Structures are given as structure tokens and as C-alpha cells.
Amino acid sequence: MSKFAVVCGVAGLCLVSLSTGFVAPRSNGAGVSASARAGTAEAAAEAWAGVEPEASSEAPAFAGALRLLAGAALGAVLLVSSAGPARADLEDTLIPVDGKGKTATLTKEQLVRAKRLFNNACAICHVGGGNRTNQNVGLGMEELQGGLPTRATVEGIVNFLNAPVTYDGLKDVSETHPSIKSA
């Protein structure tokens with residue numbers, strides 16, 4: 001609770017001080033020094049008319065400290081709310097086994113073995129869960145469910161690896177895709 005209150009307080013301070021801490025004050029030219037306007041037409045007109053350049057307006061003394069405080073507060077918010085590692089337990093992840101609703105969970109050893117097998121045999125063509133032969137289809141659950149026959153279950157993936165077909169299920173691709181049939 002106290003961590004949440006600190007984060008909310010810092011975020012509120014950031015929001016309140018953002019407009020004065022990071023936005024430059026509006027100026028109609030009066031705050032611009034004469035040396036900055038030296039080559040402008042406005043400076044030439046003032047010199048011809050004999051008008052003295054106006055003194056630059058000073059920002060409040062606390063403006064620098066306010067900018068520093070706002071920056072520190074934003075940094076603190078980013079530090080506290082930055083993304084951390086995923087904290088999903090393997091026991092909580094249900095994997096569909098077949099189309100009838102049967103599910104299973106993987107142990108950590110099974111997951112490590114499956115990842116190693118995928119990296120050794122599949123990652124060459126399926127970089128980052130993509131697909132080199134059809135870039136419109138990935139290895140996400142939504143894409144796998146759309147395939148004919150479906151590949152969103154363990155049974156469907158095993159059937160595909162035994163006899164691979166295109167995403168629409170019309171053409172045999174066992175000559176180009178590693179499979180039991182082509183071995």
C-alpha cells in the first residue's frame with residue numbers, strides 16, 4: 001500500500017509540475033536578448049527607430065530546481081513501474097492436448113527440453129515465432145487455430161510434424177518442411 005501511495009504521489013507531482021518544469025515560458029520577443037536578435041529585421045527596425053532593447057525577463061529562481069525535481073520524479077516513476085520479468089508459474093499454464101478440451105501442464109524440465117528442440121530444429125525458419133514461407137502466419141495460438149487442420153493443440157502439432165500441409169490444408173509440404181514423412 002505504501003509503495004502504491006508513493007508512486008501515486010510522485011506521479012501527481014510530475015503531472016502538476018510538467019507544464020512549468022519542461023515547457024519553456026511563452027515569449028513575445030521581450031525575453032530574447034539583443035545579441036540573439038542581432039541579425040533579425042526586428043532588431044534592425046528598433047535600431048533605426050532609436051528604440052532601446054528591452055531587458056530580458058528572468059525566470060523565477062525556483063524554475064531550475066522545479067525542472068530538476070520533475071526530472072527526478074519522472075525517473076523515480078519509471079524506475080518503480082519499469083517492466084520486470086514475467087512471473088508466470090508453469091503450473092498455471094494449461095496447454096490444449098486435443099480438440100475435445102483435454103489439457104495438460106508442462107514441468108520446467110519439459111519446457112526446457114521443448115525450447116531446446118525448437119531452437120535446434122525449428123528456429124532456423126521460425127525466427128521469433130514467425131514463418132519464412134508465409135509471413136502472414138505466425139506461431140501464435142490465434143494463427144495456429146486458423147490452420148486447417150488446426151495446429152493449436154499438441155495433437156494437431158504432432159499430426160502436422162508427421163505429415164505437414166499448407167496453412168489451408170490443401171497442399172502437402174513434406175518435401176520442404178522437416179517431417180516424419182520426409183525422413
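Rules used in this analysis
- Residues numbered from 1 in each chain as written.
- Predicted model: local features only at pLDDT ≥ 70, side-chain atom pairs only at ≥ 80, totals over all residues.
- Heavy atoms only, no water.
- Helix = DSSP H or I, 4+ residues; strand = E, 2+ residues; numbered from the N terminus.
- Buried < 20%, exposed > 50% of the residue type's maximum accessible area, 1.4 Å probe, protein only.
- Contact = heavy atoms within 4.5 Å.
- Areas by Shrake-Rupley, 256 points an atom, 1.4 Å probe, with all protein chains shown as cover.
- Expected span 1.5 Å × (residues − 1).
- Arc of directions from axis to C-beta.
- Polar contact = N/O pair within 3.5 Å; in protein donor to acceptor, adjacent residues only side chain to side chain.

Okay, the overall build of the protein next. Each helix and strand in the protein was counted, giving six helices and two strands. Each helix and strand of the protein, ordered N terminal to C terminal, gives the series α-α-α-β-β-α-α-α. Among the 183 residues that make up the protein, the fraction classed as buried is 14%. Summarising the internal contacts of the protein: among those between residues at least 6 apart in sequence, 32% fall at separations of at least 24. Within the structure as shown, the protein displays about 13,900 Å² of accessible surface, and the carbon and sulfur contribution to it stands at 63%.

Below, the discussion takes up helix α3 (residues 63–81). Over its 19 residues, α3 runs 27 Å from end to end, which matches the ideal 27 Å to within 8%, given 1.5 Å per residue. For α3, the full list of buried residues reads Ala63, Leu66, Ala70 and Ala73. Buried residues of α3, seen end-on, are gathered within an arc of 80° and therefore sit on one face of the element. Those residues of α3 that are exposed and aimed more than 90 degrees away from the buried face are Leu68, Leu78 and Leu79.

Once that is clear, we can look at unusual backbone geometry. Going from Leu148 to Pro149, the amide bond is cis rather than trans, its omega being -10°. Structurally, Pro149 can be placed in the loop between α5 (141–146) and α6 (154–162).

This next bit is on the environment of Val137. Positionally, Val137 belongs in the loop between α4 (108–121) and α5. Taking the relative accessible area as the measure of exposure, Val137 reaches 11% and is therefore buried. Residues within four places of Val137 in sequence aside, it is in contact with Gly130, Asn131, Glu143 and Tyr167.

What follows concerns the side chain of Thr153. Within the fold, Thr153 resides in the loop between α5 and α6. Residue Thr153 is classed as buried on the basis of its relative accessible area, which comes to 11%. Polar side-chain contacts of Thr153 include one of 3.0 Å to the backbone nitrogen of Gly156. With sequence-adjacent residues up to four places away left out, Thr153 is seen in contact with Pro96, Val97, Asp98 and Gly99.

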